[in-house]
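Examining the three-dimensional arrangement
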Amino acid sequence: MNSWPTRSLNEIRNAAKFASECRRRGFSSGRMTAAPLAAPTLEADSARGYCLDLVRKYDTPSSLLLPYIPRHARDAYIALRAFNINVARTADTTSTPTIGSMRLQFEREAVTKALSGTPPKQPIALLLAKAAEDISLQSDGKTKWSRSWFLRLIDTREKNLSNPPYPSLTHLETYAENTYSTLLYLTLQALPMGSLTADHIASHIGKATGIAAVLRGLPLIAFPGPPNKHSNQPSQPGSDIGATRQGAVLLPLDIMAEHSVREEDVLRNGASAQGLRDAVFAVATRANDHLITARQMLSSISAGEEAGHDFEHQDEEEHVYLPTSAMKETPKQEVDRAFGVFMPALATQMWLDKLEKGDFDVFNEGLRKTDWKLPWKAAWAYQRRNL
């Protein structure tokens, strides 16, 4: 005798909560109901409010840095970060990698439809579609979001649904490039901007932010709480956490071997595990090195000098740009206009500094709180164009 598939009580409650929220904001919870691109103002406002609430809850630093994004690109900024949160939390909100993969396939379809102008009637997809239309209008149709970058981000998250270990620090950098750096590339496109120089700086900042995010998420993966309860807000600006591989230590294996860190020792003894702080220091140093490089590049370019080294991804198709206007900007003008997109470097540096002050104890509860000084430091940094 056939029977309906069973669902856990938590999954049923989550589905009901999501449907209720969609109805409250005027959205259908149907899978792929298409909405016209020129959505009514009320619908666009509701989508924007939904996405902004999501960012404020799960990525507070990004919401605090919103004022430094040009007004015409803020919908894109909000939509991208809401999209990133939604994709990043897939492992935490699904019970198995198989279900997670199904969820991410929906995200692929939603992004494809949103970029083609027929988004599903879901708030994130609607705001992505509106932002894509804004980019086209701002550039007279010469610039559009790279669908391949969205898919790269989703594909990378899918490969890490079960929180597999990073074989080396280089593999961790690749992960950060394919997620956090890619998110910054998409934000630059929303300005709109097609600049190899800006992409190069964004690559270093994204790698630093991604590495720091993995460090922030380490305690939550090593000692996971109840399913579906994680938030990346306390771990600002967004910890990479998951629920499909319980009790794991996601430090690069080469770094763990170098400092004699054993996973079972960390799971048993936490912060007091042998070699753990030295290993965290080594990984954090790589993140800090990327921020130092980004600052040096900004300083050199502002002085009219060359960046100092080649961009390792400059030959990738997405980084090959054609002129979009008769008046070509200088590299200095490009980085000045893009500076607001680089501001996550500030939040990442503040977190790394706090980690250093705590002697690289990644289990320190103070690391899970948003730094109250961020708004003031951000204003100072933006005014002086100094990260």
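Note that the structure is predicted; figures quoted are calculated from it, not measured.

Along the chain, E107 falls in helix α6 (residues 97-116). Despite being buried, E107 has no salt bridge partner; R103 is the closest side chain of opposite charge, sitting 6.2 Å away. Apart from residues lying up to four places away in sequence, E107 is in contact with F83, N86, V87 and I154.

Below, the discussion takes up the pattern of salt bridges. Oppositely charged side chains may form a pair once their charged atoms are brought near each other. For the coordinates displayed, the defined rule picks out 16 salt bridges. Note that K130 and D134 form a salt bridge whose closest N and O atoms lie 2.9 Å from each other. Placement of both K130 and D134 in helix α7 (residues 123-138) is noted, with a separation of 4 residues, approximately one turn of the helix. Residue R262 is joined to E264 by a salt bridge in which the shortest nitrogen-to-oxygen separation is 3.1 Å. The exposure class of R262 is partly exposed, given its relative accessible area of 44%. The network of salt bridges with common partners includes D45, R48, D75, K130 and D134.

Our next topic: the nonpolar core. Judged by nonpolar contacts, the single largest core of 104 residues is most densely connected at F83, L128, W145, I201, L215, L251 and F342. Summarising the domain contributions, this core has at least three residues from each of domain 1 (40-159) and domain 2 (163-224 + 247-320 + 328-386). Excluding its chain neighbours within four sequence positions, the residues that come into contact with F83 are E107, V111, I124, L128, F150, L153 and I154.

Rules and cut-offs
Residues numbered from 1 in each chain as written. Predicted model: local features only at pLDDT ≥ 70, side-chain atom pairs only at ≥ 80, totals over all residues. Heavy atoms only, no water. Helix = DSSP H or I, 4+ residues; strand = E, 2+ residues; numbered from the N terminus. Buried < 20%, exposed > 50% of the residue type's maximum accessible area, 1.4 Å probe, protein only. Lys, Arg positive; Asp, Glu negative; His and termini not counted. Salt bridge = Lys/Arg side-chain N within 4 Å of Asp/Glu carboxyl O. Contact = heavy atoms within 4.5 Å. Core = buried A, V, L, I, M, F, W, Y, C linked by side-chain atoms within 4.5 Å. Domains from an automatic or database assignment.

Any link to function would need more than the numbers given here.
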